Amino acid sequence: MKRMTHPQHGWQMVQPADVPMFERAGWAEFSPPEPTAIDDPVDPNQAKPEPVKTRKRRVRNDDSL
């Protein structure tokens, strides 16, 4: 299936055998751009974030309830 676009009608998925008919009617084949990775440089001088300190809850095994 190919994705065809038209300025007035939007887009539609088309069987490969129907592509010439759609092109004659003013439709164009749409191919989305290839995704590219974004380079995220890491500064080696940047300080690492301090770990989050958590408090542990004290549990008593008490049957006095």
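Now for a look at the structure at hand. Throughout this document, residue positions are counted from 1 along each chain, in the order its sequence is written. Owing to the predicted nature of the model, reporting of local features is limited to residues with pLDDT of at least 70; listing and counting of side-chain atom pairs is limited to 80 or more, with chain, interface and lining totals taken over all residues. Values reported for side chains reflect all heavy atoms of the structure, with hydrogen atoms and water molecules removed beforehand.

Side note on the overall build of the protein
Across its full length, the protein holds one helix and three strands. In DSSP terms, a helix is any run of H or I states spanning at least four residues, a strand is any run of E spanning at least two, and both are numbered starting from the N terminus. In the protein, the succession of helices and strands from N to C terminus is β-β-α-β. Think of it in three bands: with a 1.4 Å probe and only protein chains considered, a residue is buried below 20% of the maximum accessible area for its type, exposed above 50%, and partly exposed in between. By the burial criterion, 9% of the 65 residues in the protein qualify as buried. Across the protein, every contact between residues at least 6 apart in sequence was considered, and the portion connecting residues at least 24 apart equals 20%. Using a 1.4 Å probe, the Shrake-Rupley method yields the accessible areas, and only the shown protein chains count as cover for residues. Approximately 7000 Å² of the protein is accessible, and the part contributed by carbon and sulfur atoms is 51%. Whether two residues touch is decided by their heavy atoms; if any such pair falls within 4.5 Å, the residues are in contact.

Quick notes on the side chain of His 6
Take His 6: it is sitting in strand β1 (residues 2–6). For His 6, a relative accessible area of 15% translates into the label buried. Throughout this description, a polar contact denotes any pair of N or O atoms lying within 3.5 Å of each other; where both atoms belong to protein, one of them has to be capable of donating a hydrogen while the other can accept it, and for residues adjacent in sequence the pair is counted only when both atoms sit in side chains. In this structure the side chain of His 6 is engaged in a polar contact, spanning 3.1 Å, whose partner is the backbone nitrogen of Gln 8. Once residues lying within four places of it in the same chain are set aside, the contact partners of His 6 are Ala 25, Gly 26 and Trp 27.

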